[in-house]
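Okay, here's what each chain looks like letter by letter:
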Amino acid sequence: SAVISQKPSRDICQRGTSLTIQCQVDSQVTMMFWYRQQPGQSLTLIATANQGSEATYESGFVIDKFPISRPNLTFSTLTVSNMSPEDSSIYLCSVVGRGTGYEQYFGPGTRLTVT
Amino acid sequence: AQSVTQPDIHITVSEGASLELRCNYSYGATPYLFWYVQSPGQGLQLLLKYFSGDTLVQGIKGFEAEFKRSQSSFNLRKPSVHWSDAAEYFCAVGEANNDMRFGAGTRLTVKP
């Protein structure tokens, strides 16, 4: 399995501001994923981030709102832009495991509250 | 498109009792199936997975799950629940292109 860290672990932000979340993996991985988990809800995939190419966004998520960077094979950032209270969620990054079965391993998450 | 249904939003069991959490999936081919657990304030931890072979899979923390193609189900079981098992449980289905979809989750409460 991969060891994944995220920064910050939590933050409280004012509406209209932006927050950049960092995701660091202890090994090189091709694909990284960003998910959103709204309060009391399941996980929803925001985008898939491949190193060296543009991120692929899911329906309902746009690059202007959630820009993603993937500068190398162990690191990615997700920015939540022009935040509103509806953006209050846990944001998680994940990577695919090296073994068969395509399981994903998750970071501890970033708990964001927008006031 | 693939999808996952967890019919039970919340389940309460007594400590020491057996547990079964239901999961149904919709997918055209043999799916990759997973169960994750999320404790309060924590990230997701992989309990077990199925992608081929024996339809009864063993996972961590004493959990097991059985893949039943005829019922499109992948139910999670544990013979004796411990208080530390109280958490949110998510069933997920994946494809070879790494796209993964999660069920709505089942919250498990354990009574002393």
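Computed from a prediction, not measured in an experiment: that's the story for all the values here.

**Side note on the sheet that holds strand β1 (residues 4-7) of chain A**
Two pairing modes exist for strands in a sheet, parallel and antiparallel, and in both the strands are linked by backbone hydrogen bonds. All names here are of chain A. Strand order in the open sheet made by the four strands is β1-β3-β8-β7, with antiparallel pairing throughout. Bordering the open sheet on either side are β1 and β7 (68-72), each of which pairs with just one other strand. This sheet shows a mean twist of 15 degrees between the axes of neighbouring strands, independent of strand direction. By the bridge criterion, six bridges tie strand β3 (residues 19-25) to strand β8 (residues 75-80) in an arrangement that is antiparallel. Bridge pairing links Q22 to T77 in β8.

**Considering the interface of chain A and chain B**
With 21 residues of chain A at the interface, the matching set in chain B holds 22 residues. Between chain A and chain B the total buried area reaches about 1,600 Å² when both faces are included, carbon and sulfur atoms providing 55% of it. At the boundary of chain A and chain B, one finds two salt bridges. Between chain A and chain B we count five residue pairs in polar contact (both at pLDDT 80 or more) in total. Put simply, the parts of the chain that give the side of chain A that touches chain B at least two residues each are β4 (31-37), β5 (43-50), β9 (89-96) and β10 (104-106) of chain A. With four residues, β4 of chain A is the largest single contributor of residues to the side of chain A that touches chain B.

**Considering the layout of surface pockets**
Its volume calculated, the largest pocket comes out at about 460 Å³. Residue lining of the largest pocket: 25 residues in total, with Q37, G40 and Q41 of chain A together with Q38 and E88 of chain B positioned closest to the centre. Residue assignment for the lining of the largest pocket shows that the elements contributing at least two residues are β9 and β11 (110-114) of chain A together with β10 (87-94) of chain B. Here the residues of the lining of the largest pocket are counted per class, giving nine nonpolar, 13 polar and three charged.

**Looking at the pattern of salt bridges**
Within this structure, the stated rule accounts for seven salt bridges over all chains. One salt bridge in this structure joins D87 of chain A and K65 of chain A, with 2.6 Å as the shortest N-O distance. Taken together, the residues span a long stretch of sequence, with D87 of chain A in the loop between β8 and β9 and K65 of chain A in the loop between β6 (56-57) and β7 at a distance of 22 residues. Salt bridges linked by common partners bring E64, E66 and R77 of chain B together as one network.

**Digging into the environment of L46 of chain B**
Position of L46 of chain B among the secondary structure elements: in strand β6 (residues 44-50). A sequence separation of 14 residues divides L46 of chain B from I60 of chain B, and the C-alpha atoms of the two residues are 8.3 Å apart. Sequence-distant contacts of L46 of chain B, that is, excluding residues within four places in its chain, are made with E103 and Y105 of chain A together with F34, W35, Y36 and I60 of chain B.

**Some thoughts on the packing of aromatic side chains**
Residues and elements named next belong to chain B. In the structure shown here, the tally under the stated rule is 13 aromatic pairs over all chains. Residues Y36 and F102 carry aromatic rings whose centres are separated by 5.8 Å and whose planes lie at 50 degrees to one another, so their mutual orientation is tilted. Of this pair, Y36 sits in strand β5 (residues 32-38) while F102 is found in strand β11 (residues 100-102), placing the two residues 66 residues apart along the sequence. On the accessibility criterion, Y36 (0% relative accessible area) is buried. We classify F102 as buried; its relative accessible area is 10%. Seen from their ring centres, F63 and Y89 are 5.7 Å apart, and the 50 degrees between their planes marks the pair as tilted. Taken together, the residues span a long stretch of sequence, with F63 in the loop between β7 (56-58) and β8 (64-68) and Y89 in strand β10 at a distance of 26 residues. For the pair F63 and Y89, one class covers both residues: buried.

**Here we look at the side chain of S94 of chain A**
Residue and element names in this part refer to chain A. Its location among the elements puts S94 in strand β9. Exposure remark for S94: the relative accessible area of 0% places this residue in the buried category. Polar contacts involving the side chain of S94 include one to the side chain of Q104, which spans 2.8 Å. With sequence-adjacent residues up to four places away left out, S94 is seen in contact with I4, M31, M32, F33, Y35, Q104, Y105 and F106.

Cut-offs and rules
- Residues numbered from 1 in each chain as written.
- Chains lettered and ligands numbered in written order.
- Predicted model: local features only at pLDDT ≥ 70, side-chain atom pairs only at ≥ 80, totals over all residues.
- Heavy atoms only, no water.
- Pairing = 2+ DSSP bridges.
- Helix = DSSP H or I, 4+ residues; strand = E, 2+ residues; numbered from the N terminus.
- Axes fitted to C-alpha atoms, helices over the stretch in contact; angles between N-to-C directions.
- Contact = heavy atoms within 4.5 Å.
- Buried area = accessible area lost by both parts, 1.4 Å probe.
- Salt bridge = Lys/Arg side-chain N within 4 Å of Asp/Glu carboxyl O.
- Polar contact = N/O pair within 3.5 Å; in protein donor to acceptor, adjacent residues only side chain to side chain.
- 1 Å grid on protein atoms, 1.4 Å probe; cavity = no way out; pocket = protein on both sides within 12 Å on 5 of 7 lines; lining within 4 Å.
- Points joined across faces, edges and corners; volume = space filled by probe spheres on them.
- Nonpolar A, V, L, I, M, F, W, Y, C, P; charged D, E, K, R; others polar.
- Phe/Tyr/Trp six-rings, centres within 6.5 Å; stacked < 30°, edge-to-face > 60°.
- Buried < 20%, exposed > 50% of the residue type's maximum accessible area, 1.4 Å probe, protein only.

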